[in-house]
Amino acid sequence: MSRTDFGNYINGDWVDPSTGETFESRNPADRTQVLGSFAKSGAADVDRAVQAAVEAYPRWMSTPVPERADYLLRVALLLEERKEELSRIMTQEMGKTLKESRADVQEGIDFAHYMAGEGRRFFGNSIPAELPNKFYMTMRHPIGVVGLITPWNFPIAIPLWKIAPAMVAGCTSVFKPAEDTPLCAALLVDLFHEVGVPPGVVNLVNGMGEEAGAPLVDHPSVRAISFTGSLDVGRMINEKCARSMKRCSLELGSKNALIIMPDADLDLAVESAAWGAFATSGQRCTATSRLIVHDDVRPAFTDRLLERVSGMKVGNGLEPGIELAPVINEAQKNRVLEYISVGQQEGAKILHGGEEVTGDGLENGYFVAPTVFDEMTADMRIAREEIFGPVTGIMRVESVEEAVAIANGTDYGLSCAIYTHDITNVFKAVNQLEFGIVYVNAPTIGAEIQVPFGGMKNTGNGHREAGPQSLDEFTEWKTVGIDFSGKLQRAQMDQDDPSAS
Ligand code: NAD
């Protein structure tokens, strides 16, 4: 790795923050390892970055769409070259296992390729007019300067899910990444610099949420905010954007469920539960935090799950064979442990885990054992609130109807899966589940970039990322009507009036 210390990337240059302050990024598996030092920016830095984006906008929005998109192809190729290096850095910066970091970078590569292709489509429609000698078409128009605010759990993929469609759309952007993963963000933005993206098109401002994120949301020249993060921050951003009439797209938390019916392939369901609950230490917005299991198979499922989980190796994600890596930071570790104790107070029973893991070289990291609750019920906080850690709980049901009702019984709605081979149960679930993503015989985690991603209810506000829908976040639809009749034609009036011709 060549560079570890970064300022902000504004108007094509790396610049020091106006505050003169920096902050460190540390390895959650070993907090004594410092990965680098980064700009701790304030409102003046955000303003400088927004001004650069404002100045770059007219030229960028007039650049042919395939040309805009071609930069992404070059970013994708460069990311492929750097995949291993970046994946190792990602594991050190945010903790997840090396295999998962590689998948995160790969998702970024896939999406950059995909969006590069969208630049050759960027379709509108042609629509017949009701009046003669008149023609309609629709075309996308960029929304303007956009602010992109991201979390730390997918430090390459999620930023690309926003930067790439913004670029193709013709928007210029200011990107404010999470304070836990500033190095991944800086290295990603450096790729855009390397492939020659014009100054001001993509700008990076590192820093804390309230100091650097809030001024971006408040800035009058920013026309849209695309935010992925927690419900509390998302709600606040939504309120601010409503007042200033900014477009706002929110991808927030969830309380995802895996339903296991009596005819499920139990081995598969157990693997799916373990992977969905404990990959990325449960820190995925699609993590399986509720296991809704039919009574007929609950004892067998529980036994096999415990056997599987007790074999999980906890440790540094760079080491081979590790299945459970650290959680992101001390605050998150304490939050997860607090939820575990809330669950016990509420009457749920711990079958496995429930504590911090230390010793054997792990004493400087934030490790929590894979935790499985039994007797979790729908009214409990641990069944309703997002924990965002390696904690899942088993809930008992006696029918598919009850399973769907329990699955739907939270304020969130991102991802839900059902394991069954009964076609009736499949369609009942698919039709009635209030989730943006529903899987059948597949885990709740593992999104692919070509399909829309997003949730219902408090998980978001109706927008979708990934897939072709991701362009909707960053464009307005423009309707163009062209009248070549050479006379005034009045809609809904003249076509009924023979004397008008
Ligand atoms: P977070 O809300 O604490 O922070 C997210 C981003 O918002 C960070 O960049 C942070 O600096 C910034 N921020 C914080 N306060 C701000 C403010 N007042 N104004 C503007 N920006 C501010 O979330 P997190 O801990 O980084 O991420 C975890 C959350 O993200 C979980 O709830 C998870 O479910 C959610 N998430 C959702 C998706 C999805 O697509 N639905 C994907 C990944 C993560």
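Residues numbered from 1 in each chain as written. Predicted model: local features only at pLDDT ≥ 70, side-chain atom pairs only at ≥ 80, totals over all residues. Heavy atoms only, no water.

A. Structural view of the overall build of the protein. The helix and strand inventory of the protein stands at 13 helices and 19 strands. Over its C-alpha trace the protein gives a radius of gyration of 25 Å, about what one expects of a compact globule, namely 23 Å for 501 residues. In terms of overall dimensions, the protein has C-alpha extents of about 80 × 60 × 40 Å along its principal axes. Here the protein holds 501 residues, and 57% of them are scored as buried. When contacts within the protein are restricted to residue pairs at least 6 apart in sequence, those whose partners lie at least 24 apart make up 74%. Just so you have it, the protein exposes about 19900 Å², and 50% of that area is on carbon and sulfur atoms. Here the protein contributes 45 positively and 69 negatively charged side chains, and the mean placements of these two sets differ by 4 Å. (Helix = DSSP H or I, 4+ residues; strand = E, 2+ residues; numbered from the N terminus. Rg over C-alpha atoms; globule rule 2.2 N^0.38 Å. Buried < 20%, exposed > 50% of the residue type's maximum accessible area, 1.4 Å probe, protein only. Contact = heavy atoms within 4.5 Å. Areas by Shrake-Rupley, 256 points an atom, 1.4 Å probe, with all protein chains shown as cover. Lys, Arg positive; Asp, Glu negative; His and termini not counted. Charge placed at Lys NZ, Arg CZ, Asp CG, Glu CD.)

B. Broad picture of a negative patch on the surface. A surface patch of like charges, here negative, comprises Glu80, Glu81, Asp110 and Glu448. Looking at the element boundaries, Asp110 is found in helix H3 (residues 98-118). Residue class for Asp110 comes out partly exposed when judged on its relative accessible area of 32%. (Patch = residues over 30% accessible without salt bridge, like charges linked within 9 Å, V, L, I, M, F, W, Y side chains within 5 Å. Salt bridge = Lys/Arg side-chain N within 4 Å of Asp/Glu carboxyl O.)

C. Structural context of the domain arrangement of the protein. Each assigned domain of the protein is listed here: domain 1 (7-252 + 460-479) and domain 2 (256-440). The distance between the C-alpha centroids of domain 1 and domain 2 comes to 31 Å. Contact residues are listed per partner, giving 22 residues for domain 1 and 24 residues for domain 2. Between domain 1 and domain 2, the buried area comes to about 2000 Å², and carbon and sulfur atoms account for 59% of it. Our count for the contact surface shared by domain 1 and domain 2 stands at one salt bridge. (Domains from an automatic or database assignment. Buried area = accessible area lost by both parts, 1.4 Å probe.)

D. Looking closely at unusual backbone geometry. Even without being a glycine, Asn441 presents a positive backbone phi close to 55°. Structurally, Asn441 is set in the loop between strand E18 (437-440) and strand E19 (475-483). Even without being a glycine, Ala466 presents a positive backbone phi close to 60°. Topologically, Ala466 is positioned in the loop between E18 and E19.

E. View of the nonpolar core. In terms of nonpolar packing, the biggest core is built from 96 residues, with Met167, Phe192, Ile260, Phe301 and Leu305 touching the most fellow members. Sorting elements by how many residues they give to this core places helix H2 (residues 65-94) first, with eleven residues. In terms of domain composition, this core takes at least three residues from each of domain 1 (7-252 + 460-479) and domain 2 (256-440). Filtering out sequence-adjacent residues up to four positions away, Phe192 remains in contact with Leu72, Val75, Leu160, Ile163, Met167, Val197 and Val202. Counting residues in hydrophobic clusters, the runner-up holds 28 residues, among them Ala257, Met376, Val397 and Ala407. (Core = buried A, V, L, I, M, F, W, Y, C linked by side-chain atoms within 4.5 Å.)

F. Quick peek at the side chain of Ser281. Structurally, the position occupied by Ser281 is in the loop between helix H8 (266-278) and strand E13 (288-294). Within the structure, Ser281 has its side chain in polar contact with the backbone oxygen of Pro326 (distance 3.5 Å). What Ser281 contacts, discounting residues up to four positions off in sequence, is Leu324, Ala325, Pro326, Val327, Gly389 and Pro390. (Polar contact = N/O pair within 3.5 Å; in protein donor to acceptor, adjacent residues only side chain to side chain.)

G. A look at the sheet that holds strand E14 (residues 349-352). Strand order in the open sheet formed by seven strands is E14-E15-E16-E13-E12-E17-E18, with mixed pairing between adjacent strands. The open sheet has two free edges, formed respectively by E14 and E18, since each of these has just one partner strand. When strand polarity is set aside, the average angle formed by the axes of neighbouring strands in this sheet is 25°. Pairing between strand E12 (residues 256-260) and strand E17 (residues 415-419): four bridges, direction parallel. Bridging across to E17, Ile260 finds its partner in Tyr419. Docked against the sheet, helix H10 (residues 330-346) engages E14, strand E15 (371-374) and strand E16 (391-397), running at close to 20° with respect to E15. Helix H12 (residues 400-407) contacts E12, E13, E16 and E17 of the sheet and is inclined by roughly 145° relative to E16. (Pairing = 2+ DSSP bridges. Axes fitted to C-alpha atoms, helices over the stretch in contact; angles between N-to-C directions.)

H. Expanded view of the packing of helix H6 (residues 209-218) against helix H7 (residues 231-244). Contact geometry for H6 and H7: axes closest at 9 Å, N-to-C directions at 30°. What the angle tells us is that H6 and H7 run roughly parallel. Contacts between H6 and H7 involve Ala214, Val217 and Asp218 from the first element and Ile237, Lys240 and Cys241 from the second. For the contact of H6 with H7, the class distribution of residues is four nonpolar, no polar and two charged. (Parallel < 35°, antiparallel > 145°, perpendicular 65-115°, else oblique. Nonpolar A, V, L, I, M, F, W, Y, C, P; charged D, E, K, R; others polar.)

I. Quick look at the site of the ligand. Around the ligand, the structure places 28 residues, and the nearest of them are Lys176, Glu179, Ser230, Leu252 and Glu386. Ser230 places a side-chain nitrogen or oxygen 2.6 Å from an oxygen atom of the ligand. Take Glu386: an N or O atom from its side chain is 2.6 Å from an oxygen atom of the ligand. When the ligand sits alone it has 850 Å² of accessible area, and the protein chains cover 89% of it. For the shell around the ligand, the elements supplying multiple residues, two or more each, are H6, strand E10 (224-228) and H7. Counted by class, the shell around the ligand contains 16 nonpolar, eight polar and four charged residues. (Near = heavy atom within 4 Å.)

J. Representation of H2. Here H2 contains 30 residues, and its C-alpha end-to-end distance of 34 Å is more than 12% below the 44 Å for a straight helix at 1.5 Å per residue. Two residues or fewer past H2, Gly95 is found with a positive phi of approximately 100°. (Expected span 1.5 Å × (residues − 1).)

K. Representation of the pattern of salt bridges within the structure. Per the stated rule, a full pass over the model turns up 25 salt bridges. Glu84 is the partner of Arg102 in a salt bridge, and the nearest nitrogen-oxygen pair spans 2.8 Å. Taken together, the residues span a long stretch of sequence, with Arg102 in helix H3 and Glu84 in helix H2 at a distance of 18 residues. With relative accessibility at 33%, the residue Glu84 sits in the partly exposed group. In this structure, the salt-bridge partner of Arg247 is Glu476, at a minimum N-O distance of 3.2 Å.

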